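The lines below spell out each chain.
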Amino acid sequence: MAEAVANVARRVNATVEEGSDTLDLSNCKLMSFPDGVFKVLRSVSDSIRVITLADNEMKSISSKLFSTFTQLRELDLRGNVLTKLPATVGEMEHLTSINLANNSFSIFPDKLTEIATLERINLQGNSITEIPVEKLTDMRALKWLNVKSNPLDPNTQSALQSPHGFETEC
């Protein structure tokens, strides 16, 4: 446990000291985003563009993540045990890519369809049966959707085969 905490502290401090636009806390055994990280990164939160929290044990994401890192462009949450996202994800004005592969979603995170800048959504390896294809089609920026290895119902599979403005992997 102490080693995991030290690892997170090292990575956060490196982000601050280097003035990096990327925070990588992947493989840190995190069950949630540490509150202390918000305090340490407060002075540089506007410059953080990429956050990687992949391959942890996170069951939920705090809405504070989205209200603190408002300039976020890419968010990688693959390989956790997430079942939902906070409503505040829909307020992200600059997010272009979100990776939610290999989590525990059974319902498509509908708030993603409210992000006008979102170009890439990866939901591979979840338990989603239905996708809001009409809402996704209305997303002008969307270029790529990956829903491979989900138990999609036949109607959803059929709708995803129809032509639309984004590439689909299912």
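Anything mentioned here points back to the structure above.
S.K.: Explain the overall build of the protein chain here, please?
M.R.: A count of helices and strands for the protein chain gives five helices and seven strands. Relative to the compact-globule value of 15 Å for 170 residues, the protein chain shows a C-alpha radius of gyration of 16 Å, a close match. Seen along its three principal axes, the alpha-carbon backbone of the protein chain occupies a region of about 50 × 30 × 20 Å. Buried residues in the protein chain amount to 45% of all 170 residues. A total of about 8,700 Å² of accessible surface is found on the protein chain, and carbon and sulfur atoms cover 47% of it. Distance from the positive charge centre (17 side chains) to the negative charge centre (22 side chains) of the protein chain: 4 Å.

S.K.: Is there a simple way to think about the packing of aromatic side chains in this case?
M.R.: For any pair of aromatic rings, geometry is given as the distance between the ring centres together with the angle between the planes. Under the definition given, this model contains three aromatic pairs. Ring plane angle 50° and centroid distance 4.8 Å describe the contact between Phe-33 and Phe-38, whose orientation is recorded as tilted. The pair formed by Phe-33 and Phe-38 is uniform in burial state, with each residue classed as buried. Residues Phe-33 and Phe-69 carry aromatic rings whose centres are separated by 6.2 Å and whose planes lie at 75° to one another, so their mutual orientation is edge-to-face. Of this pair, Phe-33 sits in the loop between β1 (22-24) and α2 (35-40) while Phe-69 sits in the loop between α3 (63-68) and β3 (74-76), and the two are 36 residues apart along the sequence. A relative accessible area of 0% places Phe-69 in the buried class.

S.K.: Help me understand the pattern of salt bridges in this model?
M.R.: Overall, the coordinates contain seven salt bridges when judged by the stated rule. Asp-55 is the salt-bridge partner of Arg-78, the closest N and O atoms lying 3.4 Å from each other. Placement of Arg-78 in the loop between β3 and β4 (97-99) and of Asp-55 in the loop between β2 (50-52) and α3 is noted, with a sequence separation of 23 residues between them. In this structure Asp-55 comes out as partly exposed when scored by relative accessible area, which is 36%. In this structure, the salt-bridge partner of Lys-148 is Glu-169, at a minimum N-O distance of 3.1 Å. On the criterion of sequence distance, the pair formed by Lys-148 in the loop between β6 (144-146) and α5 (154-161) and Glu-169 in strand β7 (residues 167-169) is long-range, its members being 21 residues apart. In this structure Lys-148 comes out as partly exposed when scored by relative accessible area, which is 34%.

S.K.: Help me out: how do you make sense of the side chain of Thr-68 in this one?
M.R.: You can see Thr-68 is positioned in helix α3. Within the structure, the side chain of Thr-68 is placed 2.7 Å from the backbone oxygen of Lys-64, a separation counted as a polar contact. Ignoring sequence-local partners within four residues, the contact set of Thr-68 consists of Phe-38 and Ser-45.

S.K.: Just to check I follow, could you spell out unusual backbone geometry for this structure?
M.R.: What is expected of a backbone is that most residues other than glycine have negative phi and most peptide bonds are trans. Of note in this structure, Asn-27 is not a glycine but carries a positive phi near 55°. Not every positive phi belongs to a glycine, and Asp-55 is a case in point at roughly 55°.

S.K.: Explain the sheet that holds β1 to me, please; I cannot follow it from the model alone.
M.R.: Two pairing modes exist for strands in a sheet, parallel and antiparallel, and in both the strands are linked by backbone hydrogen bonds. Pairing in this open sheet of seven strands is parallel, and the strands run β1-β2-β3-β4-β5-β6-β7 from one edge to the other. On the outer flanks of this sheet lie β1 and β7, each paired with one strand and no other. Across the sheet, the mean angle separating the axes of adjacent strands is 5° when strand polarity is ignored. Here three bridges tie strand β5 (residues 120-122) to β6, and the two strands are oriented parallel to one another. Within β6, the residue paired with Ile-121 across the bridge is Leu-145.

Criteria and thresholds
- Think of each chain on its own: its residues are numbered from 1, step by step along the sequence as written.
- The predicted nature of this model means local features are confined to residues of pLDDT at least 70 and side-chain atom pairs, given and counted, to a pLDDT of 80 or more, with totals for whole chains, interfaces and linings taken over all residues.
- Only hydrogens and water are set aside when side-chain values are computed; all heavy atoms of the structure are taken into account.
- Secondary structure elements follow DSSP: runs of H or I of four or more residues count as helices, runs of E of two or more count as strands, with numbering from the N terminus.
- In this treatment the radius of gyration is a C-alpha quantity, and the globule benchmark scales as 2.2 Å times the residue count to the 0.38 power.
- Buried residues are those whose accessible area, probed at 1.4 Å on protein chains only, stays under 20% of the maximum for their type, while exposed residues exceed 50% and partly exposed ones sit between those limits.
- What sets the accessible areas is the Shrake-Rupley method with a 1.4 Å probe; for residues, cover comes only from the shown protein chains.
- Asp and Glu are treated as the negative residues and Lys and Arg as the positive ones, with His and the ends of the chain left uncounted.
- Positions of charges follow a simple convention, taking NZ of Lys, CZ of Arg, CG of Asp or CD of Glu.
- Within 6.5 Å between ring centres, the rings of Phe, Tyr and Trp (the latter by its six-membered ring) count as paired, and their orientation is classed by plane angle as stacked under 30 degrees, edge-to-face over 60, tilted in between.
- Think of a salt bridge as a Lys or Arg side-chain nitrogen and an Asp or Glu carboxyl oxygen that are within 4 Å of each other.
- Under the rule applied, a polar contact is a pair of N or O atoms within 3.5 Å (in protein, one hydrogen donor and one hydrogen acceptor; residues adjacent in sequence only if both atoms are side-chain atoms).
- Residue contacts follow a heavy-atom distance rule, with two residues in contact if any of their heavy atoms lie within 4.5 Å.
- Any two strands between which DSSP finds at least two bridges are classified as paired.
- Axis angles are defined between N-to-C directions and span 0 to 180 degrees, where every axis is a line fitted to C-alpha atoms and, for a helix, only to the segment in contact.

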